[in-house]
Amino acid sequence: MEELTEGEWHAPGLNRKDLERGELTKAFKECRKLLSLNPEDKEGNLYLGEIYSALNLNHQAEEAFEKAIQLSPKWPDLRFHLATIKIKLKKFDEANQLYEEEIKCFGLKNKNSLLVGVQLKHQKKYEEAGPLLKGACDVRRKLAGNDPVQLEGLACAMNALAGFFQEVGKNDEAVPLLRETIKILKKLQGDEHPHMAY
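Novice: Help me understand the overall build of the protein chain in this model?
Specialist: For the protein chain, the count of helices and strands is 10 helices and 0 strands. Each helix and strand of the protein chain, ordered N terminal to C terminal, gives the series α-α-α-α-α-α-α-α-α-α. Considering the protein chain as a whole, with its 198 residues, one finds that 43% of them fall into the buried category. Within the protein chain, counting contacts between residues at least 6 apart in sequence, those at least 24 apart form 47% of the total. Accessible surface for the protein chain amounts to roughly 11,200 Å². Of this, 52% is attributable to carbon and sulfur atoms.

Novice: When you look at the nonpolar core in this model, what are you seeing that I'm missing?
Specialist: Across soluble globular proteins, you tend to see nonpolar side chains buried next to one another. Among the nonpolar cores identified, the biggest contains 49 residues, and Leu19, Tyr99, Leu114, Leu133 and Leu161 are the most heavily contacted of them. Beyond its immediate sequence surroundings of up to four residues, Tyr99 is in contact with Phe80, Ala83, Ile87, Leu115, Val118 and Gln119.

Novice: Just to check I follow, could you spell out the pattern of salt bridges for this structure?
Specialist: Two side chains bearing opposite charge may form a pair once their charged atoms approach each other closely. Enumeration over the complete set of coordinates arrives at 9 salt bridges. In this structure, Glu94 engages Lys86 in a salt bridge whose closest nitrogen and oxygen atoms are separated by 2.6 Å. Looking at Glu94, the relative accessible area reads 36%, which means it is partly exposed. Glu180 is the partner of Arg141 in a salt bridge, and the nearest nitrogen-oxygen pair spans 2.7 Å. With Arg141 in helix H8 (residues 126-143) and Glu180 in helix H10 (residues 171-189), the pair connects residues that are 39 residues apart, well separated along the chain. Classification of Arg141 as partly exposed rests on a relative accessible area of 38%. A single salt-bridge network, built from bridges that share partners, covers Glu62, Glu66, Lys86, Lys91 and Glu94.

Novice: For this particular structure, what's the right way to read the side chain of Asn45?
Specialist: Inspection of the secondary structure assignment puts Asn45 in helix H3 (residues 42-54). Here Asn45 is in contact with Leu35, Pro39, Glu40, Ala64, Lys67, Ala68 and Leu71, once residues within four sequence places are set aside.

Novice: When you look at H10 in this model, what are you seeing that I'm missing?
Specialist: Helical geometry note: an α-helix holds 3.6 residues per turn, so side chains three or four residues apart project in the same direction. For H10, which comprises 19 residues, the first-to-last C-alpha distance of 26 Å matches the rise-based estimate of 27 Å (1.5 Å per residue) to within 8%. Of the residues making up H10, those classed as buried are Ala174, Leu177, Thr181, Ile184, Leu185 and Gln189. The arc that holds the buried residues of H10, viewed along the axis, is 110°, so those residues lie on one side. Exposed residues on H10 whose side chains face more than 90 degrees from its buried face are Asp172, Arg179, Lys183 and Lys187. In this structure, the buried side of H10 is in contact with H8 and helix H9 (148-167).

Novice: Help me understand the environment of Glu20 in this model?
Specialist: Here Glu20 lies in helix H1 (residues 16-20). Sequence spacing of Glu20 and Ile51 is 31 residues, and the spatial spacing of their C-alpha atoms is 10.0 Å. Aside from chain neighbours lying at most four places away, what touches Glu20 is Asn146, Asp147 and Pro148.

The rules behind these values
Residues numbered from 1 in each chain as written. Predicted model: local features only at pLDDT ≥ 70, side-chain atom pairs only at ≥ 80, totals over all residues. Heavy atoms only, no water. Helix = DSSP H or I, 4+ residues; strand = E, 2+ residues; numbered from the N terminus. Buried < 20%, exposed > 50% of the residue type's maximum accessible area, 1.4 Å probe, protein only. Contact = heavy atoms within 4.5 Å. Areas by Shrake-Rupley, 256 points an atom, 1.4 Å probe, with all protein chains shown as cover. Core = buried A, V, L, I, M, F, W, Y, C linked by side-chain atoms within 4.5 Å. Salt bridge = Lys/Arg side-chain N within 4 Å of Asp/Glu carboxyl O. Expected span 1.5 Å × (residues − 1). Arc of directions from axis to C-beta.

Structural data, given as structure tokens:
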């Protein structure tokens, strides 16, 4: 079974389109089926983490991403996936450590500009953080479509950029981003979700 799941994205019985179409229950069932046959499948654990993230099950996503890293520590971007979840769980020191490990192992890449921008914002390096956060929003806006994972990424990027604008005293630029973030989260989570109670 392990030979079947090595190499490029290949997971028998899984179709990433289920997640992209928002068919989270179907994606979850198929992924769990694969992992019951091969719990050591690194792509399966990554996919499970993405599904849990889309379902806002952050503790479970954390476990899945940690297992994927354990199975394949030299796989680029896994630490960024896990760091995003750590931020949602308010484990900022752990997220920062993951950023540093990823950058040390693989260097900086454009697609990770959101996470690097957030790190720079926390370090109060605003001149460097601003362009990265704006670029991250632009890229995610182009990718979003109706894919719940991409929409969540867009909401995360807009929230980070809004936080940046608030910290540098540009509330007039932060407010529209926050409103758009809430609109996306309501679409993904519904009005009754606990995160929408404020």
